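Chain and residue survey
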Amino acid sequence: MFFIIKRKKVILFFILCILICLIVYFIFNLVNKKTLLVSAFEEENFQDKISNLMNGNEKIAYLTFDDGPTSKSTPKILEILSEENVKATFFVIGKHVKQNPELVKQAYNDGHYIANHGYSHNNNKLYSSGDSFINEIKSTDLEIGKAIGIDNYSSHIFRFPNGYMANAFKSQKQQYAKLLNDIDYAYIDWNCLNKDSEKKYTNSELLNNLKNSCKNKGTLVILMHDTSDVNETDLVLKDSIDYLKEEGYIFNNFYDF
Ligand SMILES: [Zn+2]
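A brief look at the structure comes next. (Residues numbered from 1 in each chain as written. Predicted model: local features only at pLDDT ≥ 70, side-chain atom pairs only at ≥ 80, totals over all residues. Heavy atoms only, no water.)

1. Looking at the coordination of the zinc ion
Protein ligation of the zinc ion involves Asp-67 (OD), His-117 (NE2) and His-121 (NE2), the donor distances falling in the range 2.1 Å. Judged by its relative accessible area of 29%, His-121 falls in the partly exposed class. (Donors = N, O, S within 2.8 Å, 3.2 Å for Na, K, Ca; no water. Buried < 20%, exposed > 50% of the residue type's maximum accessible area, 1.4 Å probe, protein only.)

Here it is, written out as C-alpha cells:
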C-alpha cells in the first residue's frame, strides 16, 4: 500500500516537472522572439539588410497594409488573414491608432507586425524639421505602445508616406533618413503593389495589377492599404493570397526578419 502511494507521488512529481518545463519553454519562446527582433534591429547594417530584402530570390511574401487602422477596412482584413493563417505587417498612422486602439491590439495579438508610418501622414508637417520627423515616429510608437500595453514600444521599421522612392520631398527624405539609424530604425518601401490607392480599378483589375507587379520577382514586399478612401482591397485579398500560395510563396512578417 505504502509503495503504491509513493509510486503515485513519483508519477505526479514527474507530470508536474513536465508541465513546468512546457510553461518555461513557452515563455522563453515568446520572450526570445521579441529579444531576437530587437537585437537584429540594433545591428549597424540593419538598413542595408532590410533594403536587400527585396533583392532576395526566395519566394517569401511580406504583405503590408498602410494608412490604418480604420474601422471600415481593418477588421475585414484581419478576419481574412486569420482565415488564411497569414501573418502580415501594418504600417499604422499614429492619429488612426489613437482613434482605433482596439484594432491595433487585435492585430498585434493575432501575430501581425505593427510598423510605423508617421503620426499625421501630412508631408508638410512631417518634413518641417528633423525634430518634427522624429517626433512623429516617436508619438506613433507611443500610441501603439498604449494600444497594446507595452511601455517604450519601438516598431523599428518606418515607411515614408508615399514611399522613399517618390520624388516629392526627396531632399528632406534623404536628409532625415540618416536620423533613423540613431533611434534603431530602418525604412522600407515595396517592390510589388495592386495599386489599390488609385481608386480606379475593378476587383479583377486589382488582382491582375498584383500578378503583373510581382512577375519574375523573388521576395516580395507588397503594398496594400487598410483605409476607407481606397479600393476595397479586402474584396481581393483572399484571391491575392490564394494566387501567391499557388505560385509557391510563403508569408512572413518582420518578426521573421
Ligand atoms: Zn501612406
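2. Some words on the packing of aromatic side chains
By convention here, two paired aromatic rings are described through the distance between centres and the angle between planes. In this structure the tally under the stated criterion is 14 aromatic pairs. Plain terms: the ring middles of Tyr-113 and Phe-254 are 5.9 Å apart, the flat faces sit at 75° to each other, and that makes the pair edge-to-face. Within this pair, whereas Tyr-113 is found in strand β3 (residues 113–116), its partner Phe-254 is found in the segment after β8 (250–252), the two being separated by 141 residues in sequence. This pair shows no difference in class: Tyr-113 is buried, exactly as Phe-254 is. Through pairs of rings, three or more aromatic residues link up here, namely Tyr-127, Phe-133, Phe-158, Phe-160, Tyr-164, Phe-169, Tyr-176 and Tyr-187. Above the face of the Phe-91 ring, Arg-159 is positioned so that its terminal group lies 4.2 Å from the ring centre. (Phe/Tyr/Trp six-rings, centres within 6.5 Å; stacked < 30°, edge-to-face > 60°. Helix = DSSP H or I, 4+ residues; strand = E, 2+ residues; numbered from the N terminus. Lys NZ or Arg CZ within 6 Å of the ring centre and 35° of its normal.)

3. Thoughts on a nonpolar patch on the surface
Residues Ile-11, Ile-15, Ile-18, Leu-19 and Leu-22 make up a contiguous nonpolar surface patch of about 470 Å² in total accessible area. Accessibility expressed as a relative area gives 45% for Ile-15, which makes it partly exposed. (Patch = residues over 30% accessible without salt bridge, like charges linked within 9 Å, V, L, I, M, F, W, Y side chains within 5 Å. Areas by Shrake-Rupley, 256 points an atom, 1.4 Å probe, with all protein chains shown as cover. Salt bridge = Lys/Arg side-chain N within 4 Å of Asp/Glu carboxyl O.)

4. Quick word on the packing of helix α3 (residues 74–84) against helix α10 (residues 234–246)
Closest axis-to-axis distance for the α3/α10 pair is 9 Å, and the angle between their directions is 25°. Classified by the angle their axes make, α3 and α10 are roughly parallel. Seen from above, α3 lies across α10 with right-handed handedness. On the side of α3, the interface is formed by Lys-76, Ile-77, Ile-80, Leu-81 and Glu-84, while α10 contributes Asp-234, Leu-237, Lys-238, Ile-241, Asp-242 and Lys-245. Here the contact of α3 with α10 is composed, by residue class, of five nonpolar, no polar and six charged. (Axes fitted to C-alpha atoms, helices over the stretch in contact; angles between N-to-C directions. Parallel < 35°, antiparallel > 145°, perpendicular 65-115°, else oblique. Left-handed = near helix turned anticlockwise from the far one by under 90°. Contact = heavy atoms within 4.5 Å. Nonpolar A, V, L, I, M, F, W, Y, C, P; charged D, E, K, R; others polar.)

5. Looking at unusual backbone geometry
Residue Pro-69 is reached from Gly-68 by a cis peptide bond, and omega for that bond is 0°. One non-glycine residue, Asp-184, adopts positive backbone phi at about 55°. Following the sequence through the fold, Asp-184 ends up in the loop between α8 (170–180) and β5 (186–187). A relative accessible area of 27% means that Asp-184 is categorised as partly exposed. Residues other than glycine seldom take positive phi values, yet Lys-199 does so here, at roughly 55°. If you trace the backbone, Lys-199 turns up in the loop between β6 (192–193) and α9 (203–214). The exposed category is assigned to Lys-199, whose relative accessible area is 57%.

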